[in-house]
Each structure stands twice: as C-alpha cells, then as structure tokens.
Amino acid sequence: RYLKERGLTKDDILYWKVGYCPDGEYKGRVIFPSFNEKGKVNYFVARNYVDDFRKYMNPDASKDIVFNELYIDWSSDVVLVEGIFDAVKAENAIPILGSTLREESKLFAKIIEKDPALYIALDPDAEKKAAKIINSLLSYDIELYKIPIPSNKDVGDMTKEEFQEYKSQARLIKNTDYVLLNKIMSL
C-alpha cells in the first residue's frame, strides 16, 4: 500500500527489486537494493513505511557507488536525482543519495568515463548544490541539461509522465550559462 501511495506500480517494484522487512533490524521498511556493474549487491536504501522518526536507515557501508549501475544505459540520456523515489519516476536515473556529488566519487568518475548526455533533476531546495555539481561537470565538457523543477514540486511525488514533461523542457547548460546562473544564485 505504501509503495502504491508513492506512485510505484507492480512493474516498478519488480524492476527495482523492492522488498520489505516485517521484522528484524529493518522492521517496517521497504528495501531498494543497488547492484554494481557485475550484478552484486553493493548498497541498499531502507525507507520506513510505518511511523518512525527516522525516514531512512541505511547500512553501515560506503555510499561511494553508482546506485544500480547494472541497469544504467550509458549510451542513452542519464538523469541525476537526489533519492530513490526520484529515480523511480525518471527513466535511466541514478540517485546520488543526497544532494551533493564529489569529484572524487565513483559516480563522478563513471560519468566522465562514459560521457552521457546528463540531466540534472535535483529538488528546488537544492539549487545551490545543483549549481556546484553543474560547475564541476562543465569543467569536463559533459553535455549537461538542467530540468526545471518548480519550487512547489518534488521529483519523487510526480508521475512519470509529469517528470517526462519537465524533462522535455530541460535546457542545455553551457559554460557561459553557468556564469550567469552563478550570478543569479548569488542575488
């Protein structure tokens, strides 16, 4: 019921291999596993579906991964989003499990190596952090697009169709655009 309320379909649940824990350490949580490029589990996200003061209770493991790398099509558009529910709504998306992306991270290195057309879709409250990510990626000449997410929206709460509509409005970011974006952000 919780996943349905969040807009996930049975196909989403199967694709993302979502499980849940009725008891034990992760009791009352849905589990989204991540698979590395060889198909081995390298992380998981555990989100509560019952009342618990902690929304997420993730493993004591490094988040320096490419979440679900096994399923990323690097020859197609890749979308960077903050969290797992955001990734479910966007096709070929990678949750950065937060709102920052360090240049030293495995994900950043993989983006540079694979050089996909990259779409940034962080929530509106992370605009300054998105600008930092954009700045870093532009220095590597990545084809980069910014998806305009309205201030009253959250990617994870959108329908897939609604997200695709916003994605279709994305604009290519160039170095000169970024300079202007930085000026506007500093106002």
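Caption draft 1: Inspection of the sheet that holds strand E2 (residues 29–35) at higher detail. In spatial order, the strands read E1-E2-E3; together these three strands make up an open sheet with antiparallel pairing. A strand with exactly one partner marks an edge of an open sheet, and here the two such strands are strand E1 (19–21) and strand E3 (41–48). Neighbour-to-neighbour, the strand axes of this sheet turn through a mean angle of 35 degrees, independent of strand direction. Where E2 meets E3, seven bridges bridge the pair, whose relative direction is antiparallel. When the sheet's bridge partners are listed, Val30 is paired in E3 with Arg47.

Caption draft 2: Structural view of the layout of surface pockets. The space that makes up the largest pocket amounts to roughly 380 Å³. What lines the largest pocket is a set of 18 residues, and nearest its centre among them are Tyr56, Glu82, Gly83, Ile84 and Asp86. When contributions to the lining of the largest pocket are tallied by element, the ones reaching two or more residues are E3 and helix H3 (84–89). Here the lining of the largest pocket gets three residues from one element, more than from any other, and that element is H3. The residue inventory of the lining of the largest pocket, partitioned by class, reads five nonpolar, four polar and nine charged.

Caption draft 3: Up close: the pattern of salt bridges. Tallying each qualifying case throughout the model produces 10 salt bridges. For Lys160, the salt bridge goes to Asp12, with nearest N and O atoms at 2.3 Å. Here Lys160 is found in helix H6 (residues 160–168), whereas its partner Asp12 is found in helix H2 (residues 10–16), with 148 residues between them in sequence. Its relative accessible area of 31% is what places Lys160 among the partly exposed residues.

Caption draft 4: A look at the packing of aromatic side chains. Counted by the stated rule, this structure contains nine aromatic pairs. Seen in terms of ring centroids, Tyr2 and Phe85 are 6.1 Å apart; in terms of plane orientation they differ by 85 degrees. Their pairing is edge-to-face. Here Phe85 lies in helix H3 and Tyr2 lies in helix H1 (residues 2–5), a separation of 83 residues in the sequence. What makes Tyr2 buried here is its relative accessible area of 15%. By relative accessible area, Phe85 is classed as buried at 3%. Taken together, Tyr15, Trp16, Phe35 and Tyr71 form an aromatic cluster joined through their ring pairs. Positioned over the ring face of Tyr119 is Lys167, at 4.7 Å from the centre of the ring.

Cut-off values and rules
- Residues numbered from 1 in each chain as written.
- Predicted model: local features only at pLDDT ≥ 70, side-chain atom pairs only at ≥ 80, totals over all residues.
- Heavy atoms only, no water.
- Pairing = 2+ DSSP bridges.
- Helix = DSSP H or I, 4+ residues; strand = E, 2+ residues; numbered from the N terminus.
- Axes fitted to C-alpha atoms, helices over the stretch in contact; angles between N-to-C directions.
- 1 Å grid on protein atoms, 1.4 Å probe; cavity = no way out; pocket = protein on both sides within 12 Å on 5 of 7 lines; lining within 4 Å.
- Points joined across faces, edges and corners; volume = space filled by probe spheres on them.
- Nonpolar A, V, L, I, M, F, W, Y, C, P; charged D, E, K, R; others polar.
- Salt bridge = Lys/Arg side-chain N within 4 Å of Asp/Glu carboxyl O.
- Buried < 20%, exposed > 50% of the residue type's maximum accessible area, 1.4 Å probe, protein only.
- Phe/Tyr/Trp six-rings, centres within 6.5 Å; stacked < 30°, edge-to-face > 60°.
- Lys NZ or Arg CZ within 6 Å of the ring centre and 35° of its normal.

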